[in-house]
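Listed here are the chains, written in short residue letters.
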Amino acid sequence: MTLRVYNTLSGEKELFETVKPGEVGIYLCGPTVYKPSHIGHAVGPIIFDVIKRYLTFKNFKVTWVLNVTDVEDKLIAESQAQGRDMLELARDLERQYVDAMAALGVKNIDYMPRASEHIQEIIDHIGQLMEKDYAYAVDGDVYFDVSKDEDYGKLTNRKADDQESGTREGLVKAAKRNPGDFALWKAAKPGEPDSAKYKAPWGSGRPGWHIECSAMAMKYLGQTFDIHGGGLDLKFPHHENEIAQAESATDQVFAKYWLHHGLTRFNTKKIAKSDPEMAKVMESLQITNLLKKHDPEVLRFLILQSHYRSPIEFSEDVVKAAKTGLGTFRRLLERIERVTNADPYKPELQIERMRDVEMDPRSRSLFDELMQSRVRFLEELDDDFNTAGAIAVLFEIASAMNKYIDDAKLETHSEELPRNVLRACGGTLVSFGNILGLFERRPAAVSMGDDGKVPALLELLVDVRKMSREAKQYGIGDHIRDELTKLGITLEDGKDGTRWRID
RNA sequence: GGCUGCGUACCCAAGUGGUUUAAGGGGACGGAUUGCAAAUCCGUUAUUCGCCGGUUCGAAUCCGGCCGCAGCCUCCA
């Protein structure tokens, strides 16, 4: 099985071949920490987290870098508006971001370099470009000369001359040699905080955004590495400029594969802070607020249910549908636990290992189906990380297992063999989910602000219901159940007693 | 104006030349099960992939035109 990835550079799916055998270097553009992150900021980290998990599963040694931009014009403006120290504000927002990502199951980032801590590397990088005459300084600013870079624009297929002149004209500084030249270094201006001023050979100031990324990417991953990712709104100018800087400085290929993920939308529009309409709903789209309302695994599941290159239309309805869908797996895992008496979240048995075990026809047929699903699941991920297709396979697996439990009547009487088959199937389901960062742990019980009394009270109600039902007093039992449903508590009468579920 | 994409059922969403006379999820409806529910299982819900034309033995998938939507060209995941 071979992995193919869509490379923005070629516009095609390409066979994935690493720069160094067995190793993969990944750089993903992270946040500029000047405002709280919104749900759209989670898409990149989640899909790249899956990419890393999958490549690791395929036995690659993966190094994943995600940067934090903490020296930037907007951050300066925001800190001044709030009257807070710039770096203090940046650290605060960074912590929120990291916590939110951790909650969403993004835990495999190897390096999170901050721009503010890589000024020397950035200055060296600019120095190289000046030495090779790709860059020039004017009044303390340093610009990259796009006319010197012959293949400038190769990522997004554009020529600086063809771009709309109207929007740009007002911003063009007379000092620039070409309108498309971009800043590598910005001279400090009066009134800017000291924490945004760094000494450089061409004067005090701060780095441009683009150079931060190429400098840090090369520091941690080398001059040439495998995958560079980001939102597709970063293709131009950010990634185009990164390529120009890095390849002009080193004469080597910068990143081999460029992966761009789709943007999250709300009401068909990209979620962006600068959009005035969006600003009104921004608070509800902030990750920290969404995490207060929704299970993080549901949000992750929702994001992975579409292909990473597609846009995601975010709404409460979509979250609800994702929650219901994920619930299917959670109930199945609970069911497996009841039948097998083993913790399904710690899978130690896999279906492949049951190959030579003698089985009844029903078990054999489930085994066969799962072995086929296994192949399809991996094929989906090999096809440009098609997580949506992979999840579809998981649903089919879940359905087959539920049917098996039903048909073999495992809940009322179960023998050793079917229990082991089920345990192995559950193990496979969970380990596949784990590749997507799902089913990693038992869903947290919904907190009702109690001190353990709610479960006890529910047990009491269940008990009362049981007594009334045994006396054929169904009205009482139904009343209890109906009223609990209104509170978001579901009662299920099974053969082995009544179970309750909150929310 | 230049450059990218996208348009698949009631909703979300895979699939980009034959293995698909279109996965999967949500919803709705019918059946099994249940005292009734819930959960689970079975079935139904696109002869059709924005529209029109072309290429091909064969197209949702390729080409052209049109319509609609989004992204970039200024900071943005």
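Residues numbered from 1 in each chain as written. Chains lettered and ligands numbered in written order. Predicted model: local features only at pLDDT ≥ 70, side-chain atom pairs only at ≥ 80, totals over all residues. Heavy atoms only, no water.

Enquirer: Please clarify how a nonpolar patch on the surface should be interpreted in this entry.
Expert: A contiguous nonpolar surface patch, about 450 Å² in accessible area, is contributed by Leu457, Leu460, Val464, Met467 and Ile476. The element that contributes the greatest number of residues to the nonpolar patch is helix α15 (residues 453-470), accounting for four residues. Residue placement: leucine 457 occurs in helix α15. For leucine 457, a relative accessible area of 49% gives the class partly exposed. (Patch = residues over 30% accessible without salt bridge, like charges linked within 9 Å, V, L, I, M, F, W, Y side chains within 5 Å. Areas by Shrake-Rupley, 256 points an atom, 1.4 Å probe, with all protein chains shown as cover. Salt bridge = Lys/Arg side-chain N within 4 Å of Asp/Glu carboxyl O. Helix = DSSP H or I, 4+ residues; strand = E, 2+ residues; numbered from the N terminus. Buried < 20%, exposed > 50% of the residue type's maximum accessible area, 1.4 Å probe, protein only.)

Enquirer: What should I look at first to understand the nonpolar core in this one?
Expert: If you look at soluble globular proteins, the nonpolar side chains tend to sit buried side by side. Ranked by internal contacts, the top residues of the largest apolar core, which has 86 residues, are Phe377 and Phe439. Per-element accounting of this core gives the leading share, 10 residues, to helix α13 (residues 387-407). Counting contributing residues per domain, this core is built from domain 1 (4-261) and domain 2 (288-435), each supplying no fewer than three. If near-sequence neighbours (up to four positions away) are discounted, phenylalanine 439 is found in contact with Glu297, Leu326, Phe329, Leu333, Tyr345, Leu394, Leu429, Val430, Gly433 and Asn434. One finds Ile122, Trp202, Cys213 and Met216 within the second-largest nonpolar core, a separate group that totals 39 residues. (Core = buried A, V, L, I, M, F, W, Y, C linked by side-chain atoms within 4.5 Å. Domains from an automatic or database assignment. Contact = heavy atoms within 4.5 Å.)

Enquirer: Explanation requested: the pairing of strand β10 (residues 255-261) in the structure shown.
Expert: In terms of residue burial, β10 counts as a mostly covered element, since six of its seven residues are buried. Sheet topology note: the strand β9 (residues 225-231)/β10 ladder contains six bridges and is parallel. Paired with histidine 228 across the strands is tryptophan 258, a residue of β10. The parallel pair β9 and β10, bridged by helix α7 (residues 235-250), forms a crossover whose chirality is right-handed. (Pairing = 2+ DSSP bridges. Right-handed = clockwise from strand over helix to strand, strands pointing away.)

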